Amino acid sequence: MSETSIQVALPSPAGKPSPPMQRRPDRLRLLKKGIQALASLRLTVVLFVLSIFLVFTGTLAMRDNGLWATLAGFFRCWIAWVPLQVFVPFGQVFFGMPMNLRVPGGFYYPGGWSLGTALLVNLLAAHAVRFKIFKRADRSFLLQLAEGSDSTARTFLLRLAHFILFRIAWKRSGIVLIHSGIIVLLLGEFITGNFATEALMPIKIGESSNYLQHTDRVELAFLRADPENPDRERVVVVPEHMLKAGGTIDDERLPFKVEVLRYISNADLRNRLSSEESPATHGAGLAAVLEEQPPNVGADSNQRTDMPGAYVTLYDKKSGASLGTYLLWVYLHDYVGEQEVGSGPDAYRIDLRYQRSYQPYRIYLEEFHHDVYSGTDIPKNFSSRVRLLPNDGEGREVVIYMNNPLRYAKQTFYQSGTLPADTGTILQVVHNPGAEMPYIACALVCLGMLIHFGLHLWSFLERRGVA
Amino acid sequence: MNENGRWLPWVVLGGAALFLIYWMFPQGDPAAGMHLQELGGIPVQDGGRIKPFDSMARTTLMLISGKQTYKDENDRTQPAVKWVMDVLTHNPSADRSKVFRIENDQVLSLLGLEPRSETHFRYALDEFRDKTKLKQLWDKAEAAKKVPERERDTFQVKVIEQQGHLRLYMMLAEQMSPRLLPPQSSGQQDWRSVGEALAALPTPENNLFKIAEQDRDLAMVWAILQSYESNNPKVFNKLVAEYRKDVDTRYAAATQRTDTELFFNHFEPFYRCALLYGFVFLLSCLAWFGWSDTLNRSAFWLMVLALVVHTWALITRMYLMDRWFVFVTNLYSSAVFIGWGCVLLCLGLEWLFGNGIGNLVGSVLGGLTMIVAQHLAVGDTLEMMRAVLDTNFWLATHVTCINLGYTATFVAGFLGLVYVFRGVLTPSLDGQTARTLTRMIYGVVCFATLLSFTGTVLGGIWADQSWGRFWGWDPKENGALMIVIWNALILHARWGGMVKQRGLAVLAIVGNMVTAWSYFGTNQLGVGLHAYGFNNKLATGLVIFWATQMGAIVAGLLPLRLWASYETLTAAPPPVEPAPPSTAKPAGKRRGKRRSKHGDAGYFPGPA
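Only a predicted model underlies this, so the values are computations on that prediction, with no experimental measurement involved. (Residues numbered from 1 in each chain as written. Chains lettered and ligands numbered in written order. Predicted model: local features only at pLDDT ≥ 70, side-chain atom pairs only at ≥ 80, totals over all residues. Heavy atoms only, no water.)

The next subject is the overall build of chain B. Helix and strand counts for chain B stand at 25 helices and six strands. By its C-alpha atoms, chain B is 95 × 60 × 50 Å across when sized along the principal axes. Scored against the burial criterion, the 608 residues of chain B give a buried share of 57%. Accessible area for chain B stands at about 26200 Å²; split by element, carbon and sulfur atoms hold 62% of it. Each charge class in chain B can be summarised by its mean position, and for the 57 positive and 50 negative side chains these summaries are 10 Å apart. (Helix = DSSP H or I, 4+ residues; strand = E, 2+ residues; numbered from the N terminus. Buried < 20%, exposed > 50% of the residue type's maximum accessible area, 1.4 Å probe, protein only. Areas by Shrake-Rupley, 256 points an atom, 1.4 Å probe, with all protein chains shown as cover. Lys, Arg positive; Asp, Glu negative; His and termini not counted. Charge placed at Lys NZ, Arg CZ, Asp CG, Glu CD.)

With that settled, the discussion passes to the interface of chain B and chain A. Chain B puts 72 residues into the contact, and the matching count from chain A is 72 residues. A buried area of about 6600 Å², summed over both sides, lies between chain B and chain A, and 68% of it is on carbon and sulfur atoms. Here chain B is connected to chain A by zero salt bridges. Linking chain B to chain A there are four residue pairs in polar contact (both at pLDDT 80 or more). Mapped by element, the contributors of at least two residues to the side of chain B that touches chain A are α17 (331-353), α20 (431-466), α21 (475-495), α22 (501-524) and α23 (536-557) of chain B. Broken down by class, the residue content of the side of chain B that touches chain A amounts to 44 nonpolar, 18 polar and ten charged. (Contact = heavy atoms within 4.5 Å. Buried area = accessible area lost by both parts, 1.4 Å probe. Salt bridge = Lys/Arg side-chain N within 4 Å of Asp/Glu carboxyl O. Polar contact = N/O pair within 3.5 Å; in protein donor to acceptor, adjacent residues only side chain to side chain. Nonpolar A, V, L, I, M, F, W, Y, C, P; charged D, E, K, R; others polar.)

Our next topic: the nonpolar core. Ranked by size, the top nonpolar core spans 163 residues in total, and within it F94 of chain A together with V411, L415, W517 and W546 of chain B carry the most contacts. Element by element, the count of residues in this core is highest for helix α19 (residues 392-425) of chain B, at 17 residues. Sequence-distant contacts of V411 of chain B, defined by excluding residues within four places in its chain, comprise C342, L345, C346, L349, V361, L365 and V444 of chain B. Core analysis: the next-biggest nonpolar cluster, separate from the first, contains 60 residues, V107, A144, V159 and Y243 of chain B among them. (Core = buried A, V, L, I, M, F, W, Y, C linked by side-chain atoms within 4.5 Å.)

In this section: the packing of aromatic side chains. Tallied over the entire structure, the rule returns 48 aromatic pairs over all chains. Relative to W291 of chain B, the ring of W7 of chain B has its centre 6.5 Å away and its plane inclined at 70 degrees; by these criteria the two rings are edge-to-face. Of this pair, W7 of chain B sits in the segment before α1 (8-24) while W291 of chain B is found in the loop between α15 (269-286) and α16 (292-321), placing the two residues 284 residues apart along the sequence. Overall, W7 of chain B belongs to the partly exposed group, its relative accessible area being 46%. Relative to F128 of chain B, the ring of F100 of chain B lies with its centre 5.6 Å away and its plane at 85 degrees, an arrangement referred to as edge-to-face. Taken together, the residues F100 of chain B in strand β5 (residues 98-101) and F128 of chain B in helix α7 (residues 125-128) connect sequence positions 28 residues apart. One aromatic cluster is present, built from ring pairs that chain together F56, F90, F94 and F95 of chain A together with W517 and W546 of chain B. For the cation-ring pair, R257 of chain B lies above Y319 of chain B, with the distance from its terminal atom to the ring centre recorded as 4.7 Å. Looking at R494 of chain B, its charged tip hangs above the ring of Y442 of chain B, at a distance of 5.4 Å from the centre. (Phe/Tyr/Trp six-rings, centres within 6.5 Å; stacked < 30°, edge-to-face > 60°. Lys NZ or Arg CZ within 6 Å of the ring centre and 35° of its normal.)

With that settled, consider the sheet that holds strand β7 (residues 256-264) of chain A. Residue and element names in this part refer to chain A. Here four strands make up an open sheet; going across it, the order is β6-β7-β10-β11 and the pairing antiparallel. If you trace the sheet from one side to the other, it starts and ends with β6 (247-249) and β11 (322-329), each paired once. When the angles between neighbouring strand axes are averaged without regard to direction, this sheet yields 25 degrees. Sheet analysis places β7 next to strand β10 (residues 309-316), joined by eight bridges and oriented antiparallel. Among the inter-strand pairings, I264 is bridged to a residue of β10, identified as G309. (Pairing = 2+ DSSP bridges. Axes fitted to C-alpha atoms, helices over the stretch in contact; angles between N-to-C directions.)

Residue and element names in this part refer to chain A. Most of β11 is tucked away, with six of its eight residues classed as buried. The pairing of β10 with β11 spans seven bridges and is antiparallel. By the bridge assignment for β11, A310 is matched with L328. Linkage of β10 to β11, two consecutive antiparallel strands, is achieved through a turn of five residues, within which G320 is found at a positive phi near 80 degrees.

Residues and elements named next belong to chain B. Inspection of the secondary structure assignment puts T433 in helix α20. As for T433 and N355, which are separated by 78 residues in sequence, their C-alpha atoms are 8.7 Å apart. With near-sequence residues (within four places) excluded, T433 lies in contact with I357, R422 and S428.

Here it is in structure tokens:
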């Protein structure tokens, strides 16, 4: 084996090492051995096999668990639990296993983070011990060059040119590029996995919106007009985790004491039968009841989200008297509007809604188009003509359509869907700090492969006498 | 080398070219009978595009019976156009022809039919035209539709399918399809069917001249139908010719395309290619037994000719869709394109190595992909693209690249198969051939890695452009990722000396399985954005393919002494053989120490 870059990095001691330093080279050798073991190609191959299997089981798991659960349980975690049940759909589709087959048990498996990190370590170790961008004899030359002790600018440049032309191992440059691209790609996925957010912004035609909806969680909002500024509203919200925990919520910022009787993470609304009991005593709950539904799997072909609902009882803060039990459901205001509680100046409106985050801009939907191919119902294009109105500054008109998003305020707005009966648009709003990394990675890897394979192909053709 | 054999490639090429020219000019319409071929050129609007009547008829018949022609009551093969015309004009012959393909035994018993393999499970409408039975079928289908798509069993899927076929028939019988009539005013996009146009007349009419006053096109088409119904070829032919001329002048741009498509339909270029590939395969097999140089050269040039036809067909499809550089729009076109890529790559290999292996693998893959494509052709293969997919740039870059990645991985896998089969079953795998094959596999895997990686990342960038997710962990994306990792694994295993010649071949065969999973398997799960084209037949085909590959892998892993080529492989190389080239390289020398007893495992030295 050749010398390692670690030895190069250390200032080489002149002459023999002194006796007290005797043990250091041993340790160094051990370290070197350790890194060499980490850099092993065998390890690479084993990690590849493990990754392929993880990707395969993850793909299968998506059928029953949905995208987000699979991401969290397989790819974006350190240790994955693989239930044997995930292999059943595979057997059903391809080998005619019975449709109602249930298989208990499962096994632990390294998750996406573990495999990614291991691959990264393996790769870095390999570069530490195996790939050298400079030809061996030229390291001291490089040091000389860096010191530039005896040179004027001109000789320095000449030396540099000579160095680049003749002393860099161009043969290795492809590999180095490929691997650095892979590193950027792995880091990019890590950043996306941890820091990217996705939200929706539904807007009706002729209306505007200044908030994002996070459909993976809800909040209970208490609203009233701001007495000082009638154009604005004052909102107090109870976050989802408090609703899920149940019990009584008493907070000085809330106008009422809230008791959560029941929270249902996915429910459907239907008419109440006359004979049916219902906890609700006021509002919409008198005419309707919630029916519990199984949780939706995240990325179905038709991408549905859960529709939470709840029954809550509100109490007056001072007297402690009950103000009634209300039915809440996340789409209720589309049917009956927000429900009123109390009367006069103390009246509030309550609403269970997807969590909102307010933005420093407002988007006004001027037009929305849903084109189909003539004579069919195959969608051809969806497009939204919107006016972007920042809180400070000039507004501008933008058309957002398929494959043509709007990028603004470090967010990207994509045409995602339509409101029922094409009454408006749904924009998907994404903030991803790692969004550029795959582009860089792709360029690096592709260039690296072209150089690497290209050089080999060239020398092959040359030897064949073709070129 | 035989001096006398020099003429053979020319003879083969010339003969094939003559056949092609013959196929290009199909027999025209009979002078006395109905000019149905001419009728086939009339433009109609179907599936969102303007196409010749002939294409629409073929697609409809294909959906119902699985074939583009049918046998009439007298067992004579007839074109799809005739069946559609018979249905449109309520000719009882249509209902007596066996066109409805029903294979599911439960659906058959529901309709009171016996499984009948001699007519390939095709039945005439008259055989099951029974009100109560049809109502039963209808009810079952409606009930099945209430079951979520993923939970439907085979019977439910089939009964819905059958109802769809009957619907298609009814649409024709009520003249609500096809949309034969151009829009009345120039601003409109929607073409009209005869039924719609008749209903839209301000005053209901039966008199042709009165109709003509209100709607000239309708009167014309109505008259054509009338003359067909009354079996009057003379009038029919005259009217058809007149109408086509009229439409040609008014819609010159559209009819240029429909005329090309009509020629395409009659020429059936992919079928002709499949025949040529079959012939190439025969020639390359013959080359094993002698006269190999001449036969291989003939096979090579014949494959070049087939590729020319193949390329022409791909370009014509792009012209018909008006999407240049977009080779792939659905599973069918991907199979056709992958076949093209395989043949091209194999021709390149043959040109470089000249050992007949490129010919063999190219012809097998070319032929196989044509057969697969034939099975994937459901409905219109030039269908319109859904909104998100409707972007030529990404279709031309990402999709093309990914499919070329599949192509290269398959070629590497089939080269691996050649290695294993020649080694296990024949004594013909000598050291030199083994080395050459290894070089070929290695080179193609490098190519596959580059293409599949680039294609996958381009897909990610497309996703980032349209959804804001670079990597959505969609099943199809994961499949592509698996191909990339697998190719990288092969290369790293090879560089690390973990596999040598045989191991490389076996790993490449596993690549076939991985690619087949990504290509067809992921769609079958019915999840995700790429969940198009679920198909029972495909699932079965895939399992069979996997089984054959597993068989080859097991054969490849057999102890070497069980191989038929054991002695040839282990024999000392003859003295005339040149030294393995890579020993000339310092990198090769260094790795040489770790290398096998079977000599240098590869040509391109990897990183040490």
